[in-house]
Amino acid sequence: MPFATARTVSLHGAVGHLIDVQADVSPGLVGTTLVGRPDASLNEARDRCRMAVINSELPWPSTKRITVLLSPADLHKRGTHFDLAIAVSVLAADDKLPRAGLAATAFIGELTLAGQLRPVTGVLPMVLAAAERGVRRVVVPEPQAREAAMVPGMSVLGLRSLAQVVAELRGDPVPDAAPVAALSGSRLLSWRGEERMEALDLADLRGIEDAKYAVEVAAAGGHHLMLSGPKGSGKTSIAERIPSLLPPLSASESLELTAIHSLAGTLDPATGLMVDPPYAAPHHDASKSALIGGGSGQVRPGEISRCHGGVLFLDEFPLFRSDVIDALRQPLETGEVSIARREEMVRLPARCMIVLACNPCPCGEYRVLARENRCTCSEVRRRDYRARVAGPVEDRIDVVRHVEPARLGAERDPMAVHESSATVRGRVTTARERQGRRYAADLWRLNAHAPATALNERWPLGPEASRLVEDAVYAGRLTRRGAVRVHRLALTVADLAAAPGADDGPPGADDVAVALRLRSGQPLLVETLSRRAG
Ligand SMILES: [Zn+2]
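Structural notes, computed from the coordinates. (Residues numbered from 1 in each chain as written. Predicted model: local features only at pLDDT ≥ 70, side-chain atom pairs only at ≥ 80, totals over all residues. Heavy atoms only, no water.)

1. Brief notes about the overall build of the protein
Then step 1. Looking only at helices and strands, the protein has 21 helices and 18 strands in total.
Then step 2. Judged by the C-alpha coordinates and their principal axes, the protein covers about 85 × 55 × 40 Å.
Then step 3. Across the protein, every contact between residues at least 6 apart in sequence was considered, and the portion connecting residues at least 24 apart equals 74%.
Then step 4. Put simply, the protein shows about 23000 Å² of open surface, and 52% of that area lies on carbon and sulfur atoms. (Helix = DSSP H or I, 4+ residues; strand = E, 2+ residues; numbered from the N terminus. Contact = heavy atoms within 4.5 Å. Areas by Shrake-Rupley, 256 points an atom, 1.4 Å probe, with all protein chains shown as cover.)

2. Quick look at the coordination of the zinc ion
In an ideal tetrahedron of four donors about a metal, each angle is 109.5 degrees. In an ideal octahedron of six donors, the angles are 90 or 180 degrees.
Then step 1. Listed as protein donors to the zinc ion are Cys361 (SG), Cys363 (SG), Cys375 (SG) and Cys377 (SG); their distances from the metal cover 2.2 to 2.4 Å.
Then step 2. Its four donor atoms give the zinc ion angles of 105 to 116° at the centre, a pattern that matches the tetrahedral case.
Then step 3. Spacing between the donor residues of the zinc ion along their common chain follows C-x1-C-x11-C-x1-C. Remark: cysteine 375 occurs in the loop between strand S17 (353-358) and helix H14 (379-387) and cysteine 361 occurs in the loop between S17 and H14; sequence separation between them is 14 residues. Of the two residues, cysteine 361 and cysteine 375, neither departs from the other in class, the shared state being buried. (Donors = N, O, S within 2.8 Å, 3.2 Å for Na, K, Ca; no water. Tetrahedral: all angles 85-135°; square planar, octahedral: opposite > 155°, others 65-115°. Buried < 20%, exposed > 50% of the residue type's maximum accessible area, 1.4 Å probe, protein only.)

3. Some details on the environment of phenylalanine 3
Then step 1. Mapped onto the elements of the fold, phenylalanine 3 is located in strand S1 (residues 3-12).
Then step 2. Under the relative-accessibility criterion, phenylalanine 3 is labelled partly exposed at 35%.
Then step 3. Taking the C-alpha atoms as reference points, phenylalanine 3 and aspartate 94, separated by 91 residues in sequence, lie 7.6 Å from one another.
Then step 4. What phenylalanine 3 contacts, discounting residues up to four positions off in sequence, is Gln22, Ala23, Asp24, Ala93 and Arg99.

4. Things to note about helix H19 (residues 480-497)
Then step 1. Taking 1.5 Å per residue, 18 residues should reach 26 Å; H19 reaches 26 Å between its end C-alpha atoms and fits that length.
Then step 2. With 14 of 18 residues buried, H19 lies mostly within the body of the structure. (Expected span 1.5 Å × (residues − 1).)

5. Brief notes about the nonpolar core
Then step 1. In terms of nonpolar packing, the biggest core is built from 59 residues, with Leu314 and Phe317 touching the most fellow members.
Then step 2. By residue number, the principal contributor to this core is helix H4 (residues 123-132), which donates eight residues.
Then step 3. Contacts of leucine 314, omitting those with residues within four sequence positions, involve Pro282, Leu291, Phe320, Leu328, Ile354, Val355, Leu356 and Ala357.
Then step 4. Ala211, Leu225, Ile238 and Val355 belong to the second-largest nonpolar core, a separate cluster that totals 48 residues. (Core = buried A, V, L, I, M, F, W, Y, C linked by side-chain atoms within 4.5 Å.)

6. Focus: the environment of arginine 458
Then step 1. Within the element layout of this structure, arginine 458 appears in helix H17 (residues 452-458).
Then step 2. Given the relative accessible area of 41%, arginine 458 is considered partly exposed.
Then step 3. Along the primary structure arginine 458 and proline 506 are separated by 48 residues, whereas in three dimensions their C-alpha atoms are 9.4 Å apart.

7. Observations regarding the packing of aromatic side chains
Aromatic ring pairs are reported here in terms of the distance separating the ring centres and the angle at which the planes meet.
Then step 1. With the rule as written, the count across this model stands at three aromatic pairs.
Then step 2. Both rings, one in tyrosine 439 and one in tryptophan 459, keep their centres 5.1 Å apart while their planes meet at 85°; by these two values the pair is edge-to-face. Within this pair, whereas tyrosine 439 is found in the loop between helix H16 (421-438) and H17, its partner tryptophan 459 is found in the loop between H17 and helix H18 (463-474), the two being separated by 20 residues in sequence. Of the two residues examined, tyrosine 439 and tryptophan 459, each falls in the buried class.
Then step 3. Ring pairing ties together the aromatic residues Tyr439, Trp444 and Trp459, which thus form one cluster. (Phe/Tyr/Trp six-rings, centres within 6.5 Å; stacked < 30°, edge-to-face > 60°.)

8. Brief notes about the pairing of strand S8 (residues 137-141)
Then step 1. With four of its five residues buried, S8 lies for the most part within the structure.
Then step 2. In this sheet, S8 lies alongside strand S5 (residues 105-107) in parallel orientation, the contact comprising three bridges. When the bridges of S8 are listed, alanine 106 appears paired with valine 138.
Then step 3. As paired strands, S8 and strand S9 (residues 155-159) are joined by five bridges and run parallel to one another. Considered in S9, the bridge of arginine 137 is made with serine 155. (Pairing = 2+ DSSP bridges.)

9. Side note on the side chain of threonine 258
Then step 1. Within the secondary structure layout, threonine 258 lies in helix H9 (residues 251-264).
Then step 2. Relative accessible area serves as the criterion here: at 0%, threonine 258 is assigned to the buried category.

10. Notes on the sheet that holds strand S14 (residues 311-314)
Then step 1. Overall, parallel pairing links the five strands, which are arranged S11-S14-S17-S10-S18 in an open sheet. Each having just a single partner strand, strand S11 (279-280) and strand S18 (399-402) make up the two edges of the open sheet.

11. A few points about the pattern of salt bridges
Then step 1. Applying the stated criterion across every chain, the model contains 32 salt bridges.
Then step 2. As a salt-bridge pair, aspartate 398 and arginine 485 come within 2.9 Å of each other at their nearest N and O atoms. Remark: arginine 485 occurs in helix H19 and aspartate 398 occurs in the loop between helix H15 (392-395) and S18; sequence separation between them is 87 residues. As far as burial versus exposure is concerned, aspartate 398 and arginine 485 are alike and both buried.
Then step 3. A salt bridge links arginine 480 to glutamate 470, with the nearest nitrogen and oxygen atoms 3.2 Å apart. Taken as a pair, arginine 480 in helix H19 and glutamate 470 in helix H18 lie far apart in primary sequence, ten residues in all.
Then step 4. Overall, the relative accessible area of 52% leaves arginine 480 in the exposed class.
Then step 5. What makes glutamate 470 partly exposed here is its relative accessible area of 38%. (Salt bridge = Lys/Arg side-chain N within 4 Å of Asp/Glu carboxyl O.)

So, in structure tokens, the structure goes:
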């Protein structure tokens, strides 16, 4: 039998497909052919594998015709991690390795010319894909054994060289090999999410009860938020405290987020599974590929995907590049991003709370009250600035809040409640559990992600509540898209107010009235805020 099959995984975004690497070694025209839509980086695998085998003091069948078929053939295949599976399948086809059992193992890793097994990005999503297809054993570069072992039930072999892999497969004593470096330097990108978050608490913020309630609703239902207000009004302080209001990620969310970081090359092997909701605040100079994703070769997730399950804060939003602002429409609406490659469209998860902040004008000093206004911007510049948020982006934001710098004496405000993040997180968690029960049979978990059709069919508004929404649409204060967002918000307002064990009834007119205020940016009523404190 002149052929053998080893297996590996091809990544398309964060989705992996199990690939059969079938090598055929037979007499004929000498040479190595790779078939099954390999890209250029993969074509170079032929030379890397041949040199790695020879430098590992193993025989390469250089007097024969070698054909390596990657199937399914219709999938594009990209990356250097195919090396190990190719080398193993050629050696097995040439009877230098036992063929039995090869198909039950997935081989992942790039080979150096010297035969070392080198780390690659995306090991976690690859191993997850292999596990889904019933593979129970993987061979990975040693520094990535811990990452692969995050997949439950997977038996992981972390090795340093091709010679070690061959010895393992033959059942021979495993030879020594020099340790291989983990992904580092330019290959391990630093990611500065989650920095300095622990000490931040909602209790530090005084005199903005209206904004705090809005943030609580947004956190409870996973709604997008826009904070507007002059410089020094505390927009950043509010945004960076939102992660402290969120419960830890579920097991599946945690695995999904860690897989994205594995793909991005931003997973620190020492951290292990990422369990805290991520947070990032990229600068407005950020490029589209840094924010949304892109890169040449294997697709690299952007900040928005790396915040999956957490919070992405875009301060001074109108100053972001227009292509970035346009590209945000899709994740705002669907919770994922599509990245065009030459031959295919790759989709990545990007389901985070997007928090936008904007000043009232480019200089940030504009005030409605003339005596407080120190703005130096022209009317035209001010209008242009506002126009960048208006329209498609604004329509996809659920909660709009205006914040003013805290007044002197705000801490003596009778409405102020000074709750800690932990207290609010308790209510957010209870409201999220309620949503989890409501959507137990669905693909989404939070109100913000419920499709409009499902809302109207299964959780319709009552007649009085409906009329409030219809009136707002009729008066031109609300778009159709906005009406759906108000419906979702009203569900969250009701979830937060529900007594424990209360029935899952439709949101009432009161809840819709609060939702309409949250959505339009109007200040909340004192009753609403006191209901929360009570
Ligand atoms: Zn100004």
